[in-house]
Amino acid sequence: MKLKLLLITLFIFAASFAQNKGTVSGIISDKDSNNEALPFANVMLKGTSVGTTTDIEGKYSLNVEAGDHVLVISFVGYETLEFPFTIKANETLEINKTIGSGSVTLQDVVLTTTVNKEKESALLLDQKNAVQIKQSIGAQEMSRKGVSDVATAVTKTTGITKQEGSGNIFVRGLGDRYNSTTMNGLPVPSNDPGKKNLNLEIFTTDIVESIGIDKVYNSKLYGDFAGGNVDIVSKDYKGKGFLKLDVGSKVNTNALSEDDFRLQKGPSSSGFSNVTIPSNALTSYKFNSLQTESKNPIAGSFNLAGGKSFNVGEEGKLNLFATVGFDNDYSSRSDGTAKGGVNGSGVINRDYQKYTLVSYNTNTTAMGNVGYKINANNKLNFNTLFINTSGQSTEEYTGYIVDIANDGNGLIRRFKYDKNSLWINQLLGDHQLSERSKLNWGVSYNTITGKQPDRAQNTFRKEPTGYVLSSISAADNHRYFQNLKEDELAVNASVDYKIVKTAEGDYKGKITVGYSGRSKKRDFEATQFNFKASSAVTNTIVDPNNLDLFYNQQNFANDYFEISTFKGGSQVPNATKPQFYNGDLMINGGYVNTEYKFNKLSGVLGLRAESIIQKVAWNTSLDPNGDDDQLDKFAFLPSLTLKYELNEKQNLRFGFSKTYTLPQFKERALFVYEEVNEAKFGNPDLYASDDYNVDIKWEMFPKSEELISFTAFGKYIQNPINEVTILSSTNDVSYINTGDYGYVAGGEVEYRKQIFNFGESNAKKLSAGINASYLYTNQKLSDVKVAKETAYNVAFTEKETGLTGASDLLLNADISYLNEWNEKQSNFMTTLAYTYFSDRIYSIGTNDMGNQVDKAFGSLDFIAKSKLNKQIGLGLVVKNILDPTINRVQENNSGDVNVLSYKKGLTLSLNINYQF
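Quantities reported herein were computed from a predicted structural model and do not represent experimental measurements. Sequence order sets the numbering: in each chain, residues are counted from 1 along the sequence as written. Local features in a predicted model are, by the rule used here, given only for residues with pLDDT of at least 70; side-chain atom pairs are given and counted only at 80 or more, and totals for whole chains, interfaces and linings are based on all residues. To obtain the side-chain values, all non-hydrogen atoms of the structure were included, while hydrogens and water were left out.

### Thoughts on the overall build of the protein
Now for step 1: Per the secondary structure count, the protein includes eight helices and 51 strands.
Now for step 2: Relative to the compact-globule value of 29 Å for 916 residues, the protein shows a C-alpha radius of gyration of 30 Å, a close match.
Now for step 3: Along the first, second and third principal axes, the C-alpha atoms of the protein reach 110 × 65 × 55 Å.
Now for step 4: The proportion of buried residues among the 916 residues of the protein is 54%.
Now for step 5: Relative to all contacts within the protein whose residues are 6 or more apart in sequence, the contacts with residues 24 or more apart total 71%.
Now for step 6: Taken as a whole, the protein presents about 37700 Å² of accessible surface, with 54% of it coming from carbon and sulfur.
Now for step 7: His is not counted here, nor are the chain ends, while Lys and Arg score as positive and Asp and Glu score as negative. Note on charges: their place is set at NZ of Lys, CZ of Arg, CG of Asp or CD of Glu. Between the mean site of the 95 positive side-chain charges and the mean site of the 102 negative ones, the protein shows a separation of 5 Å. Numbered from the N terminus, helices here are DSSP runs of H or I no shorter than four residues, and strands are runs of E no shorter than two. Atoms counted for the radius of gyration: C-alpha only. Globule rule: 2.2 Å times residue count to the power 0.38. We call a residue buried when its accessible area falls under 20% of the maximum for its residue type, exposed when it is over 50%, and partly exposed in between, using a 1.4 Å probe and counting protein chains only. Residues count as neighbours in contact if any of their non-hydrogen atoms are within 4.5 Å of one another. For every accessible area listed, the method is Shrake-Rupley and the probe measures 1.4 Å; residues are considered covered only by the protein chains on display.

Below, the structure written as structure tokens:
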């Protein structure tokens, strides 16, 4: 009886309490973005803890007690708006407001260069509501995981890994040729003549708002797509104004442990040195010094960023953002060994018992962004970005070299200096033509110069009295000069038209008609000068650390050595004329997208047509008479994406598309590029692959910062392209359509969980995330197909194998703790992040040689960041804590042969930033 009375009393109390409440709801709009909905704005009752944030459509709703209140609306970097209102019991009150980055003094937020649109929660909600299947990583998540470049950032997402020692990424096991890179939706060029995509390591996260990864094709993208598209969204600042300075220092434990960290004299530490071929290079010796100099391997960095917004007239606003930065790093590979020319029986032509690589790299970045909102319906945006990168290295191989150092007493040393300058310019427009229609357009002009000036390689044999230079081949000792120049013009334009208006004023769908085109021109040239010692001095003792004592004008005049190119010596006309290849690419594409929402089911049907013309011309050592070739393709590319909303927190998605894979210029030009242990040349008979892609995904969003998802996917590739060893006296590598088909099947899982979250103004949060991918890849290999379609012959060791670059298992995991105090003006955050990939094929075996396989390893990073107050922040990052041994093996039937092994060491960096 007493229990019944208690329950009745509680019910009456709860009912009377509820009767004293009302509901206030509405939509918050962004004045700076054509009055579009503003997600993740804070909506609070002043003087209380009652509050919420707007959803992806800018909507909010609060249950409040009857009476007089003040609604406080805020967004980081925007003005804070206070609106008084009175509400009665059981009343529903609608309050819609618009805010922007006006001149009002910010009262409840701290200005930073990162706004809420870069938050993990914002990107997750955008992922949840989008019809397209998409994935993004924002500035907040990159900062939390200690990421400093775009290449590392994308590897923190599901199904993506980075090739060790480079910025090349693999998406679902598919490498460089299957992927594409854009910035704000417009293509960017590659800085490597052998690659389709730009090295993503050169993009620092200082210039990035977010990175979008499309692993499911849609018709707005160019059809040269099978793995994924990485879209770098540059910062678009809106706010009162800020100026921030960041300085730091970085060390690598391997570099510090070097007894004497030495690099070639000449290139400056700024990364802007420009070395050219000396005049009269065949008739006199005027080349740069081959001496080395000692370096102090402690790196540093600085970055200065600022932004400000200005009102222009009654409706206009001008937003400015600029950043300039420089950073460098020293690195070293330790405990290294290497082998080359390993046949199927395990016989080794080059067995280096000691392999070392020390390097110094720089990155100078300058970016400017001007955003001009003309009025509520029209906005223009201009981006200019300049990136200069350089890399200087000393690479040494010591051991057995067949016919040169048969007693294991050989030494090959290579000095290399690379310099790449990229300049991206973009003009973007966004115009609301009417309630139903919207125009978006973009134009970009990009240029890149990539130079490898004066690469020097020397080969020695150690005798009892010292080192002598090898003279078996003229190319054993050489200087190499390479220059790449590429210009690209690209245009995007699309018109959206909303269809089927509902009684509530919403629209059920839209039709998008668009065009995208690009015109690219590449000029590449290279000259190699070979230095062959005369027979009279072949046993002369030289100092490897001071070769200037041998290679100088006096010794050249005394005929100690001769200088020649692939065409011959000074007696041959035009012998110094470089070998070259030129490439032209023209792509014109048009598309139609139809998007429609059938209650819980939404879909996008896309149809795209592309005309592709690729021309390549060359005059090289492989073809001194020169030739050219043209590839023509017309592609009709359908795509379909479906989304079914199981409930408010769960979606089921499906995607299907047809795409293609285009060979690159260098893969089709008869030009040979020589590394120390291998040489590669192009194949004019190479042609495009066709790809068919399917995805099924289930996802659930338990809370704003949480996600659970499972994906199954498959890809069928007709005429896949691979790098293979050609049957020849030198066993060089070329690019071949190796079979009729290959396929990829796999699954992905992602889980993000907020373990606990205490407090509002002073929060304590513990969160964790894990994503994993399992892949199965297979392709049929056909010697007959290669012989029939090309001028080359191969003998595949196996009749089928996996795709190069594909790991069966990819894993990323992290756990983070955040502690905030002083009303969120101060904080401390730590993250532990782990990445693992299993074995993956580096190159396909031929001639009874097994596949070369990069063996599995994992890496662990620790990141700690603290905001001491409004102005001062500190950061500590420790990378590669486990320091695993990196191994590459050749899997012969007679047993595995380790062909490359080394350790990278730990990297520790410390930085401090001050915001004025």
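On we go from here.
### Section: the sheet that holds strand β3 (residues 42-45)
Now for step 1: Read from one edge of the open sheet, four strands run β4-β3-β6-β7, paired in antiparallel fashion. Every other strand in the sheet has two partners, leaving β4 (51-53) and β7 (81-87) as the edge strands with one partner each. Across this sheet, the average inter-strand angle for adjacent strands is 20 degrees, counted without regard to direction.
Now for step 2: Both β3 and β4 contribute to a ladder of three bridges, which runs antiparallel. By the bridge assignment, Met44 is partnered in β4 with Gly51. Two strands pair under a simple rule: DSSP has to find at least two bridges between them. Axis lines are fitted to C-alpha atoms, over the contacting stretch for helices. Their N-to-C directions set the angle, which ranges from 0 to 180 degrees.

### Some remarks on the packing of aromatic side chains
Now for step 1: Classification of ring pairs uses Phe, Tyr and Trp, with its six-membered ring standing for Trp, and accepts pairs whose centres are within 6.5 Å; under 30 degrees between planes counts as stacked, over 60 as edge-to-face, and the remaining range as tilted. Overall, the coordinates contain 34 aromatic pairs when judged by the stated rule.
Now for step 2: Where Tyr716 meets Tyr741, the ring centres are 5.8 Å apart and the plane angle is 20 degrees; that geometry is what we call stacked. Here Tyr741 lies in strand β40 (residues 741-758) and Tyr716 lies in strand β37 (residues 707-718), a separation of 25 residues in the sequence.
Now for step 3: Relative accessible area serves as the criterion here: at 34%, Tyr716 is assigned to the partly exposed category.
Now for step 4: Members of the aromatic cluster, joined through ring pairs, are Tyr285, Phe287, Phe481, Phe529, Phe531, Phe550, Tyr551, Phe556, Tyr560 and Phe561.
Now for step 5: We call a charge positioned over a ring when the NZ of a Lys or the CZ of an Arg lies within 6 Å of the ring centre and within 35 degrees of the ring normal. For Arg333, the ring lying beneath its charged end belongs to Tyr902, and the centroid distance is 4.1 Å.
Now for step 6: Geometry around Tyr222 places Arg518 over its ring, the cationic atom sitting 5.3 Å from the centre.

### Regarding unusual backbone geometry
Now for step 1: You will see that Asn574, though not glycine, has its phi angle at about 60 degrees, which is positive.
Now for step 2: Along the chain, the position of Asn574 falls in the loop between β29 (561-564) and β30 (579-598).
Now for step 3: Note on Asn574: relative accessible area 58%, which makes it exposed.
Now for step 4: Backbone geometry at Asn880 places phi at a positive 60 degrees, although glycine is not the residue there.
Now for step 5: With respect to the secondary-structure elements, Asn880 resides in the loop between β48 (872-879) and β49 (885-892).
Now for step 6: A relative accessible area of 8% means that Asn880 is categorised as buried.

### What to know about the side chain of His478
Now for step 1: As for its position among the elements, His478 is in strand β27 (residues 478-501).
Now for step 2: In contact with His478, other than residues within four places in its own chain, are Arg414, Arg455, Ala456, Gln457, Gln528, Phe529, Asn530 and Phe531.

### Regarding the confidence of the model for the protein
Now for step 1: What pLDDT conveys is the predictor's confidence in a given residue, as a value from 0 to 100. With 92% of its residues at a pLDDT of at least 70, the protein reaches an overall mean of 86.
Now for step 2: Here residues 6-18 is a poorly scored stretch, pLDDT under 50, and it has two contacts once near neighbours within four places are set aside; other chains count.
Now for step 3: A low-confidence stretch, residues 103-116 stays under pLDDT 50, and its non-local contacts, those more than four residues away or across chains, total 37 contacts.

### Details of the sheet that holds strand β10 (residues 135-138)
Now for step 1: Taking strand neighbours across the sheet as the criterion, the five strands line up as β10-β15-β16-β13-β14 in an open arrangement whose pairing is mixed. Each edge of the open sheet is held by one strand with a lone partner, namely β10 and β14 (186-187).
Now for step 2: Bridge count between strand β13 (residues 179-183) and β14: two bridges; the pairing is antiparallel. By the bridge assignment for β14, Met183 is matched with Leu186.

### With respect to the pattern of salt bridges
Now for step 1: For salt bridges, the criterion is a side-chain nitrogen of Lys or Arg within 4 Å of an Asp or Glu carboxyl oxygen. Under the counting rule described, the total for this entry stands at 35 salt bridges.
Now for step 2: Between Glu435 and Lys501 there is a salt bridge; the shortest N-O distance is 3.1 Å. In this pair, Glu435 is assigned in the loop between β24 (405-432) and β25 (437-463) and Lys501 in strand β27, connecting sequence segments 66 residues apart.
Now for step 3: Given a relative accessible area of 43%, Lys501 falls into the partly exposed group.

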